There are 2 protein chains.
Amino acid sequence: MHKAAPAGAAEQPMEGVARITRMTLHEAVLNQLRDMIIEGKLPPGMRINEGQVGASLGVSRTPLREAIKTLASEGLVEILPAKGAVVRRFSEGDIAEILAVLKVLEQAAARLACGRAPEAEIAAIADLHARMMQLYESGDRLAYFKLNQAIHSAIVRASGNATLAQTHEQLQARIRRIRFVGNEKPERWAGAVAEHEEMIAALVARDGDRLVEVLGRHLDQTMERVRDAVL
Amino acid sequence: MHKAAPAGAAEQPMEGVARITRMTLHEAVLNQLRDMIIEGKLPPGMRINEGQVGASLGVSRTPLREAIKTLASEGLVEILPAKGAVVRRFSEGDIAEILAVLKVLEQAAARLACGRAPEAEIAAIADLHARMMQLYESGDRLAYFKLNQAIHSAIVRASGNATLAQTHEQLQARIRRIRFVGNEKPERWAGAVAEHEEMIAALVARDGDRLVEVLGRHLDQTMERVRDAVL
DNA sequence: TTTCTGTATTCTGCATACAGTAGTTCGGGG
DNA sequence: CCCCGAACTACTGTATGCAGAATACAGAAA
């Protein structure tokens with residue numbers, strides 16, 4: 001007495017038909033707040049007044065609070081009981097800690113990616129890099145920056161370990177703002193670009209050891225770049 | 001006209017005096033739900049009915065929902081829009097991914113801990129281990145299990161990198177339940193204990209390379225132990 | 001009997017209302 | 001003039017109410 005179309009049939013949409021996915025309000029608010037923190041519209045140390053922020057987003061406090069709880073779990077805000085949420089401020093030590101973990105994660109991902117990432121995925125990353133280089137030439141810092149982050153994320157995703165990628169993404173989000181304001185100085189920028197060139201070369205050659213080495217160097221340098229941006 | 005006691009004085013409590021920390025309701029609910037998931041009272045795949053669970057905890061839906069959002073961010077539940085939250089079910093692949101990341105994190109922490117952890121902290125871990133061995137002898141599985149997790153966490157904390165520790169803790173929470181039901185078989189258990197002996201020896205000797213090696217082996221074995229517990 | 005469709009019920013998502021607490025201001029006393 | 005205290009204000013924490021979506025159910029048609 002089995003059915004031809006099992007209960008899970010709804011999960012198999014007709015091919016070529018995109019699934020409709022509505023976004024819940026707290027999710028939209030979450031993304032919006034994250035962006036606002038990263039872009040500095042909500043600077044570190046600022047208290048998030050629920051009434052005020054909610055009104056400016058045109059949302060009641062309920063979904064806003066739910067989003068804030070998620071941000072707290074992600075480490076982007078701190079919740080002080082009975083006092084509300086404040087945008088978290090990262091000390092130089094915090095940043096060093098985060099970069100140290102990112103380094104470990106990216107290096108582990110690098111080995112995996114060199115070993116088992118499909119050729120197409122590596123090609124796609126190389127393509128991202130090429131586009132990023134164009135942006136470097138044209139001096140479009142914002143777009144460059146975003147693509148830069150995307151490349152790091154893509155490398156980690158190429159490991160095939162989604163948990164690794166998600167963990168990396170979450171930590172990267174914490175310091176995104178810092179890096180955003182960071183790469184100011186031209187000479188620093190040039191150095192970072194050179195390291196990226198090496199990274200892609202190693203990845204395309206599937207040279208895990210070399211990629212690990214370059215990534216390590218790149219992230220150590222990132223700490224330096226961030227340091228004199230913060231000070 | 002500066003004050004002798006600056007505004008931040010409230011953040012410097014008298015030493016030896018524990019700060020009073022009231023727990024907000026959503027925080028209490030969060031901890032409770034986490035425990036319920038880990039202990040299997042909320043088994044994987046179960047839908048969390050807000051009205052029902054809220055009533056049984058004696059809490060309204062608002063703090064409950066906030067707690068659920070945090071659990072989702074931690075990866076313990078999944079939120080299906082307009083359908084509610086379900087306790088996340090981890091496939092064997094998911095577990096392998098998580099253990100792979102835990103391995104990387106613990107190994108990185110191991111090197112740091114061997115290099116710069118204070119002697120007292122290492123001694124404290126060794127002490128934990130000794131107590132765990134007693135529990136092993138007496139066959140108290142539950143207490144053994146908890147102390148086991150605590151040791152792994154303590155080693156990571158000994159790295160001095162709080163971000164690393166927090167990241168590790170969060171991932172560990174995801175598979176805590178699996179490991180909880182996992183270590184059934186006596187021969188497996190004995191193997192795990194032997195590995196722990198080695199780990200502590202390496203840590204006390206501050207032999208980073210050896211600790212990394214043992215930890216790697218231990219977590220690979222953990223995958224095996226979990227595998228035949230799940231199947 | 002089986003399948004499809006219309007309806008009822010249940011539950012989530014969001015908004016609002018209420019209660020309690022921290023911060024602030026103003027008045028009085030030393 | 002400074003310090004202390006009490007009332008006030010503003011905001012967070014929690015509960016409840018309401019609208020809409022998803023599921024379950026029942027009836028009709030093939």
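Residues numbered from 1 in each chain as written. Chains lettered and ligands numbered in written order. Predicted model: local features only at pLDDT ≥ 70, side-chain atom pairs only at ≥ 80, totals over all residues. Heavy atoms only, no water.

A. Highlighting the environment of Ile38(B). Residues and elements named next belong to chain B. Assignment of secondary structure puts Ile-38 in helix α1 (residues 25-38). Put simply, Ile-38 and Arg-174 are 136 residues apart on the chain and 8.3 Å apart in space, counted from C-alpha to C-alpha. Every residue in contact with Ile-38, bar those within four places of it in the chain, is listed here: Ala-173, Arg-176, Arg-177 and Phe-180. (Helix = DSSP H or I, 4+ residues; strand = E, 2+ residues; numbered from the N terminus. Contact = heavy atoms within 4.5 Å.)

B. Molecular detail of the pattern of salt bridges. Scanning all chains against the criterion turns up 30 salt bridges over all chains. For Lys69(A), the salt bridge goes to Glu66(B), with nearest N and O atoms at 3.9 Å. Taken together, the positions of Lys69(A) in helix α3 (residues 61-74) and Glu66(B) in helix α3 (residues 61-74) put the pair across two chains. With respect to class, Lys69(A) is no different from Glu66(B); both count as buried. The partner of Glu213(B) in a salt bridge is Arg217(B), and the shortest N-O contact between them spans 2.8 Å. Residue Glu213(B) and its partner Arg217(B) are both found in helix α9 (residues 208-230); the two are separated by four residues, about one turn of the helix. A relative accessible area of 30% places Arg217(B) in the partly exposed class. Members of the salt-bridge network, linked through shared partners, are Glu50(A), Arg61(A), Arg65(A), Lys69(A) and Glu66(B). (Salt bridge = Lys/Arg side-chain N within 4 Å of Asp/Glu carboxyl O. Buried < 20%, exposed > 50% of the residue type's maximum accessible area, 1.4 Å probe, protein only.)

C. Focus on the protein's contact with DNA strand C. Around DNA strand C, a shell composed of 20 residues is seen, among which Leu25(A), Ser60(A), Thr62(A), Arg61(B) and Arg65(B) lie nearest. Counting only the atoms of DNA strand C that lie within 4 Å of the protein, the sugar and phosphate share comes to 68%. Take Arg65(B): an N or O atom from its side chain is 2.9 Å from a phosphate oxygen of DNA strand C. For DNA strand C, a phosphate oxygen lies 3.0 Å from a polar atom in the backbone of Ala82(B). For the surface near DNA strand C, a count of residues per class yields six nonpolar, six polar and eight charged. (Near = heavy atom within 4 Å. Polar contact = N/O pair within 3.5 Å; in protein donor to acceptor, adjacent residues only side chain to side chain. Nonpolar A, V, L, I, M, F, W, Y, C, P; charged D, E, K, R; others polar.)

D. Structural view of the packing of helix α2 (residues 50-57) of chain A against α3(A). Residues and elements named next belong to chain A. Axis separation between α2 and α3 bottoms out at 9 Å; the angle between their running directions is 110 degrees. With respect to α3, the element α2 is oriented roughly perpendicular. Listed contacts from α3 to Glu-50, Val-53 and Gly-54 of α2 are Arg-61, Leu-64, Arg-65 and Ile-68. Partitioning the contact of α2 with α3 into residue classes produces three nonpolar, one polar and three charged. (Axes fitted to C-alpha atoms, helices over the stretch in contact; angles between N-to-C directions. Parallel < 35°, antiparallel > 145°, perpendicular 65-115°, else oblique.)

E. Quick look at the packing of aromatic side chains. Evaluation of the coordinates by the stated rule reveals six aromatic pairs over all chains. For the pair Tyr136(B) and Tyr144(B), a centre-to-centre distance of 6.4 Å together with 45 degrees between the ring planes defines the contact as tilted. Summarising the aromatic geometry, the rings of Tyr136(B) and Trp189(B) are spaced 5.2 Å apart at their centres and angled 75 degrees between planes, so their arrangement reads as edge-to-face. With Tyr136(B) in helix α5 (residues 119-138) and Trp189(B) in helix α8 (residues 186-204), this residue pair connects regions lying 53 residues apart in the sequence. Exposure remark for Tyr136(B): the relative accessible area of 25% places this residue in the partly exposed category. Feature note: the residues Tyr136(A), Tyr144(A) and Trp189(A) constitute an aromatic cluster, connected by ring pairs. (Phe/Tyr/Trp six-rings, centres within 6.5 Å; stacked < 30°, edge-to-face > 60°.)

F. Representation of the sheet that holds strand β2 (residues 77-80) of chain A. Residue and element names in this part refer to chain A. Taken in spatial order, the three strands make up an open sheet running β1-β3-β2, and their pairing is antiparallel. Two strands close off the open sheet at either side, each with one partner strand: β1 (47-48) and β2. With two bridges joining them, β1 and strand β3 (residues 84-87) adopt antiparallel strand pairing. Each bridged residue has a counterpart across the sheet, and for Ile-48 the counterpart in β3 is Ala-85. (Pairing = 2+ DSSP bridges.)

G. Quick look at the protein's contact with DNA strand D. Around DNA strand D, the structure places 21 residues, and the nearest of them are Arg61(A), Arg65(A), Leu25(B), Thr62(B) and Lys83(B). Counting only atoms of DNA strand D within 4 Å of the protein, the sugar-phosphate share comes to 65%. The backbone of Glu50(A) places a nitrogen or oxygen atom 3.2 Å from a phosphate oxygen of DNA strand D. Taking Thr62(B), its side chain carries an N or O atom lying 2.8 Å from a base nitrogen of DNA strand D. Elements with a minimum of two residues in the surface near DNA strand D: β1 and α3 of chain A together with α1 and α3 of chain B. The element that contributes the greatest number of residues to the surface near DNA strand D is α3(B), accounting for three residues. Looking at the surface near DNA strand D, its residues break down into seven nonpolar, six polar and eight charged.

H. Structural context of the nonpolar core. With 34 residues, the main nonpolar core has Ile95(A) and Ile95(B) as its most contacted residues. Listing elements by their share of this core, those giving two or more residues are α4 (92-116), α7 (162-182) and α9 (208-230) of chain A together with α4 (92-116), α7 (162-182) and α9 of chain B. (Core = buried A, V, L, I, M, F, W, Y, C linked by side-chain atoms within 4.5 Å.)

I. Quick peek at the interface of chain B and chain A. The interface of chain B with chain A comprises 29 residues on the first partner and 29 residues on the second. For the pairing of chain B and chain A, the buried interface totals around 2300 Å² over both sides, and the portion due to carbon and sulfur atoms is 55%. The interface formed by chain B and chain A holds four salt bridges in total. Along the contact surface separating chain B from chain A lie eleven residue pairs in polar contact (both at pLDDT 80 or more). (Buried area = accessible area lost by both parts, 1.4 Å probe.)

J. Structural view of unusual backbone geometry. Residues and elements named next belong to chain A. Even without a glycine there, the phi angle at Arg-206 is positive, about 55 degrees. Looking at the element boundaries, Arg-206 is found in the loop between α8 (186-204) and α9. On the basis of relative accessibility, which here comes to 28%, the residue Arg-206 falls in the partly exposed class.

K. Molecular detail of the domain arrangement of chain A. Residue and element names in this part refer to chain A. Domains assigned within chain A are domain 1 (25-87) and domain 2 (92-230). Taking the mean C-alpha position of each, domain 1 and domain 2 sit 28 Å from one another. When the two sides are added together, the surface that domain 1 and domain 2 hide from each other amounts to roughly 650 Å², 64% of it contributed by carbon and sulfur. For the domain 1 face of the interface with domain 2, the top three residues by lost area are Ile-38, Glu-74 and Leu-76, together amounting to 62%. Linking domain 1 to domain 2 there are zero salt bridges. Where domain 1 touches domain 2, the interface holds one residue pair in polar contact (both at pLDDT 80 or more). Only α1 (25-38) and α3 provide two or more residues apiece to the side of domain 1 that touches domain 2. (Domains from an automatic or database assignment.)

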